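Analysis of the macromolecular model
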Amino acid sequence: MDYGIPVTLDLPFAEAVDRVRAALAEQGFGILTEIDVQATLKTKIGAEMEDYLILGACNPPLAHRALEADRHIGLLLPCNVVVRAAEEPGRTVVEAMDPQLMVSVTDRPELAPVAEEAGARLRAALGVLVG
């Protein structure tokens, strides 16, 4: 099963991050958490890696609907979006978690409409990025 929705942008990392934030905001997602994986691994264990940022995106009405259906679903929230430098210089990979995971992992069909809407919004945000 694919668990991500990927796109590759012809943009440097910093510019891609700004555009990802704006595209998510247009679809009603706020950023609850931000993990700079590159900096964390460098600081904690001295590991070197490419620019790698995890954005914990949340659309509050969708999160509320999901939590109303299943209080345990908080374990799968927020919708994570990864922004990472691609192997090719000047390019950036953006990957959004596929919200259908909520349905398949929990086997709760009442989450399907929430996952469908969240997926549509995430795909719309990624679509704006690729033009």
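For the structure given in this document, a descriptive report is provided here. These numbers were taken from a predicted model, which means no experiment stands behind them. (Residues numbered from 1 in each chain as written. Predicted model: local features only at pLDDT ≥ 70, side-chain atom pairs only at ≥ 80, totals over all residues. Heavy atoms only, no water.)

1. Remarks on the pattern of salt bridges
With the rule as written, the count across this model stands at 12 salt bridges. A salt bridge links Glu-117 to Arg-65, with the nearest nitrogen and oxygen atoms 2.8 Å apart. Of this pair, Glu-117 sits in helix 5 (residues 112–130) while Arg-65 sits in helix 3 (residues 60–69), and the two are 52 residues apart along the sequence. With its nearest N and O atoms 3.4 Å apart, the salt bridge here joins Glu-68 to Arg-71. Since its relative accessible area comes to 61%, Arg-71 is described here as exposed. Salt bridges here are not isolated pairs; linked through shared partners, they connect Asp-10, Glu-88 and Arg-91. (Salt bridge = Lys/Arg side-chain N within 4 Å of Asp/Glu carboxyl O. Helix = DSSP H or I, 4+ residues; strand = E, 2+ residues; numbered from the N terminus. Buried < 20%, exposed > 50% of the residue type's maximum accessible area, 1.4 Å probe, protein only.)

2. Here we look at helix 2 (residues 37–45)
The distance from a side-chain oxygen at the start of helix 2 to the backbone nitrogen of Gln-38 is 3.3 Å, and the residue carrying that oxygen is Asp-36. Once helix 2 ends, the next one or two residues include Gly-46, with phi positive near 75 degrees. (Polar contact = N/O pair within 3.5 Å; in protein donor to acceptor, adjacent residues only side chain to side chain.)

3. Quick word on the packing of helix 3 against helix 5
Following both chains from N to C, one finds helix 3 and helix 5 inclined at 160 degrees, their axes separated by 9 Å at the closest point. Relative to helix 5, the element helix 3 lies roughly antiparallel. Here the hand of the crossing between helix 3 and helix 5 comes out left-handed. Listed contacts from helix 5 to Leu-62, Arg-65 and Ala-66 of helix 3 are Pro-113, Val-114, Glu-117, Ala-118 and Arg-121. Here the contact of helix 3 with helix 5 is composed, by residue class, of five nonpolar, no polar and three charged. (Axes fitted to C-alpha atoms, helices over the stretch in contact; angles between N-to-C directions. Parallel < 35°, antiparallel > 145°, perpendicular 65-115°, else oblique. Left-handed = near helix turned anticlockwise from the far one by under 90°. Contact = heavy atoms within 4.5 Å. Nonpolar A, V, L, I, M, F, W, Y, C, P; charged D, E, K, R; others polar.)

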